[in-house]
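Residue strings, one per chain:
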Amino acid sequence: MNLNPADLPSSGKPATRANSPANAPGAAASGAGSNGASGAGIVSASPLATPTLNAGVASVTHLREKLAEYLSPADLQKVKEAYRFSDEMHLGQVRKSGEPYISHPIAVAEICADWKLDAQAIMAALLHDVMEDQDVKKDELIERFGAPVASLVDGLSKLEKIEFQSQIEAQAENFRKMLLAMASDVRVILIKLADRLHNMRTLEVMAPAKKARIASETMEVYVPIAHRLGLNNIYRELQDLSFSHLYPMRYRTLAKAVKAARGNRREVVKKILESVKSTLAMANIEAEVYGREKTLYGIYRKMRGKHLSFSQVLDVYGFRVVVDSFPNCYVALGTLHSLYKPMPGKFKDYIAIRKLNGYQSLHTTLIGPYGTPVEFQIRTQDMHRTAESGVAAHWLYKNGESNLSDLQQRTHAWLQSLLDIQQQTGDSAEFLEHVKVDLFPDSVYVFTPKSKIIALPRGATPVDFAYSIHTGIGDHTVSVNINGESASLRTELRNGDIVEIVTDSNSRPSPTWLSFVRTGKARSAIRHHLRTINLPESIVLGQQLLAQALTTLGLNPVMEEQLIERLLNESSAKSLDELFADIGIGKRMAALVARHIFGLIGGESASAPIDHNSAAELDPVTICGSEGVSVQLAQCCLPIPGDQIIGQLRRDQGLQVHTTDCTLAKRQKAKEPDRWIAVKWGTELNRRFDSRIKLLINNEKGILARVAAEIGESDANITYVGMDEDKEHVLHQLRFTIQVKDRVHLAGLLRNVRRVVGVNRILRERS
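Just so you know, these numbers come straight off a predicted model, no measurement behind them.

Calculation notes
Residues numbered from 1 in each chain as written. Predicted model: local features only at pLDDT ≥ 70, side-chain atom pairs only at ≥ 80, totals over all residues. Heavy atoms only, no water. Patch = residues over 30% accessible without salt bridge, like charges linked within 9 Å, V, L, I, M, F, W, Y side chains within 5 Å. Areas by Shrake-Rupley, 256 points an atom, 1.4 Å probe, with all protein chains shown as cover. Salt bridge = Lys/Arg side-chain N within 4 Å of Asp/Glu carboxyl O. Lys, Arg positive; Asp, Glu negative; His and termini not counted. Charge placed at Lys NZ, Arg CZ, Asp CG, Glu CD. Helix = DSSP H or I, 4+ residues; strand = E, 2+ residues; numbered from the N terminus. Core = buried A, V, L, I, M, F, W, Y, C linked by side-chain atoms within 4.5 Å. Buried < 20%, exposed > 50% of the residue type's maximum accessible area, 1.4 Å probe, protein only. Contact = heavy atoms within 4.5 Å. Axes fitted to C-alpha atoms, helices over the stretch in contact; angles between N-to-C directions. Left-handed = near helix turned anticlockwise from the far one by under 90°. Pairing = 2+ DSSP bridges. Expected span 1.5 Å × (residues − 1). Phe/Tyr/Trp six-rings, centres within 6.5 Å; stacked < 30°, edge-to-face > 60°. Lys NZ or Arg CZ within 6 Å of the ring centre and 35° of its normal. pLDDT = per-residue confidence, 0-100. Polar contact = N/O pair within 3.5 Å; in protein donor to acceptor, adjacent residues only side chain to side chain.

## Quick notes on a positive patch on the surface
Phase 1 of the analysis: On the surface, Lys306, Lys346, Lys348 and Arg458 cluster together into a positively charged patch.
Phase 2 of the analysis: With respect to the helices, strands and loops of the structure, lysine 348 is situated in strand β5 (residues 342–349).

Structure (structure tokens):
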């Protein structure tokens, strides 16, 4: 479902400064604490009303009581000092609701205390806004509270003082900094999620437009991060809170419908609970059994995804069975299957093959007493704790990978992959794009030839698989065998596939891989390779494109040294070659750079509207066919010399050449007209070009040999042959990919082949 997220906001905090001092902390901050709705409540008490401000009010006393349960007196004293410093720094600052601002850090610390995070994390939660809001320096925090706490706070602070080209770039840089800090210390993201959760619980006082922006950001970034870390309680609550602010009318309507249905289905739920409890007791299985209600957003997503009305969503309620031991999970499953009939294809064993975020449960859907499907989840107490709190379950922060639990090791491996992506990424926006790709909740599980399980996002391909093993394997991939049979590198992997990658030390990544890879690691590695290996070609192409754009504006393509220095300072490029390379790979638009140069010398503003028809006014770029991968001939239409052609600058893929009558090119040009430029064929073309032809032939002996011989006699090379047979076995369709010099050469070949006995029709095949 597409939520059409708005532009990312610069700050998610519903707070403002006040000129008058606030009351002492704790005096106005009392009440419910920060334990808000889990989003998947028990049937008798499910949170369906729109969240209110009271959910966010926090108490210092309540926080102290929580911390006293697991922190030592010495640690409690350190937390107290951090609280006093934060209170002093935020004195006189209030939230939009009118509460003292200190109530927000207290609430964030309470959420962290629910996870039993250590003293350093609680201190960082109390101090998380002092650097950003009060200009407290990192050195001061190191002196007062130590380097670990200061590093946590620094990782949580935004980059308010740096100038960025756009709001999106600033937000992307903030996320990049936060995610990289999280890669070295996962407590950063735990505190950040607690911060975002409290802000979402108290978002009601914000203006509607800002509420929508913050809710979109939460749904797009923080919800999938919470899911990836296995923080399911936070994940579900953030989803419902975002839903309530993005679509308030739909939220209220659905909440009302669920409330009414709850009363109508109470007897059904009661009957199922009683039957399951008694059946498990007869089998001597100790278990807790309770009903759970789907989150409102979960119901809404199912209605949208499957085009259902609310009355057609039958599994609003599910049931959870928590048993005392691992073997009893499977015994309980058999017992339930003897009570109600299971639905075929609706059983999933996440215990044997756990999810990426460490989640383990048996899932089965049974036909209930009134013919409606009912989902059951079966797990142990330990599995239940992990399912609800993920990486924060049984939290005890430790240094050294050898001390980490299996779940923490999985999380650590994912966080380390963020560092790999960062090293291969050009800018913050691209980094965020790659990371968001890896935050898909659905996964497929495939095997290496040695039976090692590899988890990948749904839709992943063998190229993603290769890069997940090692960047070197991905870079040198040439083919793949899936379940012992050769397959295309574009093939979508399915659960249980055995994947074997074939490599060649001379092979290199292809730009076309970017059109089908799904993981951030694969995408960033391919782009990094294309940027570095093809750098000379990209520089030459970029220099040519910029020279043409400058000539169109009446400027001298040869720039003075002073102008070059100003241009590099304002474009964040380190050198002129880097700027040319960015233009050559499509990362920057030559027309925009030329307009910026025009503005620097006192001409028209760089922000003035651009005429998308200006491509026709530029001198065409000459295509010789030997430029390498920085210039590619589109596979959809396979242009050859003599065709009318046009060029598309694709981001990080260089220039792609289409025929002017290509249907795909026409559609893409309508969407992004400013990425198309005029191109022409060069005069010295010392190579052959691929072209596709299709023949309708009689089904008779020796016809294929006669056609192939005539193609050879016409001085063309065959690189592919395909055949389609009709139902009557009278006619065949033959498809050839051949290599020719130009359009004239192809026309002569078509005339020659048309004279072959048995050929009824021949034509050049287009997209």
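## Re the nonpolar core
Phase 1 of the analysis: Core analysis: the biggest nonpolar cluster contains 75 residues, and Leu127, Leu141 and Leu193 have the highest contact counts within it.
Phase 2 of the analysis: In contact with leucine 193, not counting residues within four places along its chain, are Tyr222, Ile225, Ala226, Leu229, Leu231 and Leu238.
Phase 3 of the analysis: Within the second largest apolar cluster, 53 residues are counted, among which are Leu568, Phe580, Val621 and Leu749.

## Regarding the packing of helix α6 (residues 138–145) against helix α7 (residues 147–156)
Phase 1 of the analysis: Relative orientation of the contacting elements α6 and α7 amounts to 145°, with a least axis distance of 7 Å. Every pair of crossing elements has a handedness; the one defined by α6 and α7 is right-handed. Between α6, through Lys138, Leu141, Ile142 and Phe145, and α7, the contact on the second element is made entirely by Ala147, Val149, Ala150, Ser151, Val153 and Asp154.

## Brief notes about the pairing of strand β6 (residues 362–367)
Phase 1 of the analysis: Here β6 lies mainly inside the structure; 5 of its 6 residues are buried.
Phase 2 of the analysis: Where β5 meets β6, 4 bridges bridge the pair, whose relative direction is antiparallel. Of the residues in β6, the one forming a bridge with phenylalanine 347 is threonine 364.
Phase 3 of the analysis: Looking at chain direction, β6 and strand β7 (residues 373–380) are connected through 6 bridges and run antiparallel. By the bridge assignment, threonine 365 is partnered in β7 with glutamate 375.

## Quick notes on the sheet that holds strand β10 (residues 477–482)
Phase 1 of the analysis: Taken in spatial order, the 3 strands line up as β11-β10-β12 in an open sheet, and their pairing is antiparallel. The open sheet has two edge strands with one neighbour each: β11 (485–487) and β12 (499–503). Recorded for the sheet is a direction-independent mean angle of 35° between the axes of neighbouring strands.
Phase 2 of the analysis: Relative to β12, β10 runs antiparallel, the two sharing 5 bridges. Looking at β12, one finds that threonine 477 is bridged to threonine 503.
Phase 3 of the analysis: Where helix α19 (residues 462–469) meets the sheet, it contacts β10 and β12, and its direction lies at approximately 80° from that of β12.

## Examining the pairing of strand β18 (residues 689–698)
Phase 1 of the analysis: Of the two faces of β18, only one is covered, namely that formed by Phe689, Ser691, Ile693, Leu695 and Ile697; the face formed by Asp690, Arg692, Lys694, Leu696 and Asn698 stays uncovered.
Phase 2 of the analysis: Judged from the 5 bridges that link them, β18 and strand β21 (residues 759–764) form a sheet pairing that is antiparallel. If you follow leucine 695 over to β21, its bridge partner there is isoleucine 762.

## Remarks on the pattern of salt bridges
Oppositely charged side chains can pair when the atoms bearing their charge come close.
Phase 1 of the analysis: One pass over the full model with this rule turns up 14 salt bridges.
Phase 2 of the analysis: Here lysine 138 makes a salt bridge to aspartate 154, at a shortest N to O gap of 3.8 Å. Remark: aspartate 154 occurs in helix α7 and lysine 138 occurs in helix α6; sequence separation between them is 16 residues.
Phase 3 of the analysis: Arginine 144 is paired through a salt bridge with glutamate 140; the nearest N and O atoms lie 3.6 Å apart. With a gap of 4 residues between them, arginine 144 and glutamate 140 both fall in helix α6, about one helical turn apart.
Phase 4 of the analysis: In the salt-bridge network here, residues are joined through shared partners; they are Lys66, Glu110 and Asp114.

## Regarding helix α9 (residues 187–201)
Phase 1 of the analysis: Over its 15 residues, α9 extends 21 Å from the first C-alpha to the last, a length consistent with the 21 Å expected when each residue adds 1.5 Å.
Phase 2 of the analysis: Along α9, 15 of the 15 residues are buried, which leaves the element largely enclosed by surrounding structure.

## Notes on a nonpolar patch on the surface
Phase 1 of the analysis: Nonpolar side chains collect at one region of the surface, where Leu704, Val721 and Met723 lie side by side and expose about 240 Å² of accessible area between them.
Phase 2 of the analysis: Mapping leucine 704 onto the fold places it in helix α27 (residues 703–713).

## Brief notes about the packing of aromatic side chains
Phase 1 of the analysis: In the structure shown here, the tally under the stated rule is 10 aromatic pairs.
Phase 2 of the analysis: Here tryptophan 681 and phenylalanine 689 contribute two aromatic rings whose centre-to-centre distance is 5.6 Å and whose plane-to-plane angle is 75°, an arrangement assigned as edge-to-face.
Phase 3 of the analysis: Taking relative accessible area as the criterion, phenylalanine 689 reaches 0% and is therefore assigned buried.
Phase 4 of the analysis: Counting every residue linked through ring pairs, the aromatic cluster contains Phe243, Tyr247, Tyr251, Tyr297 and Tyr300.
Phase 5 of the analysis: Of note, arginine 250 hangs over the ring of tyrosine 247, and the distance from its end group to the ring centre comes to 4.3 Å.
Phase 6 of the analysis: When the ring centre of phenylalanine 689 is taken as reference, the NZ or CZ atom of arginine 687 above it lies at 4.3 Å.

## Remarks on helix α11 (residues 232–246)
Phase 1 of the analysis: Compared with an ideal rise of 1.5 Å per residue, which puts 15 residues at 21 Å, α11 spans 21 Å between its outermost C-alpha atoms and is within 8% of the ideal.
Phase 2 of the analysis: For α11, the tally of buried residues reaches 14 of 15 residues, placing the bulk of the element in the interior.

## Side note on the side chain of threonine 335
Phase 1 of the analysis: Checked against the element boundaries, threonine 335 lands in helix α15 (residues 326–339).
Phase 2 of the analysis: With a relative accessible area of 11%, threonine 335 lands in the buried category.
Phase 3 of the analysis: In contact with threonine 335, other than residues within four places in its own chain, are Thr279, Leu280, Ala283 and Ile285.

## What about the environment of phenylalanine 580?
Phase 1 of the analysis: Mapped onto the secondary structure, phenylalanine 580 falls in helix α24 (residues 576–584).
Phase 2 of the analysis: Residue class for phenylalanine 580 comes out buried when judged on its relative accessible area of 7%.
Phase 3 of the analysis: Expressed as a C-alpha distance, the spacing of phenylalanine 580 and glutamine 544, which sit 36 residues apart in the sequence, is 8.7 Å.

## Side note on the confidence of the model for the protein chain
Phase 1 of the analysis: With 74% of its residues at a pLDDT of at least 70, the protein chain reaches an overall mean of 76.
Phase 2 of the analysis: Within the protein chain, the lowest mean pLDDT, 42, falls on strand β1 (residues 15–17), and the highest, 93, falls on helix α28 (residues 743–754).
Phase 3 of the analysis: For the stretch residues 604–617, pLDDT sits under 50, and the model shows 17 contacts to residues farther than four places along the chain or on other chains.

## Focus on the sheet that holds β5
Phase 1 of the analysis: Ordered in space as β3-β4-β7-β6-β5, the 5 strands form an open sheet in which the pairing is mixed. The outermost strands of the open sheet, each flanked by one partner alone, are β3 (287–293) and β5. Strand-to-strand twist across the sheet, computed as the mean angle between neighbouring axes with direction ignored, equals 20°.
Phase 2 of the analysis: Strands β3, β4 (317–323) and β7 of the sheet are contacted by helix α13 (residues 266–282), whose axis makes an angle of about 160° with β3.
Phase 3 of the analysis: Where α15 meets the sheet, it contacts β4, β5, β6 and β7, and its direction lies at approximately 160° from that of β7.

## Observations regarding the environment of histidine 658
Phase 1 of the analysis: Here histidine 658 shows up in strand β16 (residues 654–659).
Phase 2 of the analysis: For histidine 658, a relative accessible area of 1% gives the class buried.
Phase 3 of the analysis: Sequence separation between histidine 658 and glutamine 635 is 23 residues; the distance between their C-alpha atoms is 8.6 Å.
Phase 4 of the analysis: Contact partners of histidine 658, with chain neighbours within four places excluded, come to Ala634, Cys636, Cys637, Pro639, Gln644, Ile645, Ile646, Gln648, Ala665, Gln668 and Trp676.
Phase 5 of the analysis: A polar atom in the side chain of histidine 658 sits 3.3 Å from the side chain of glutamine 656.

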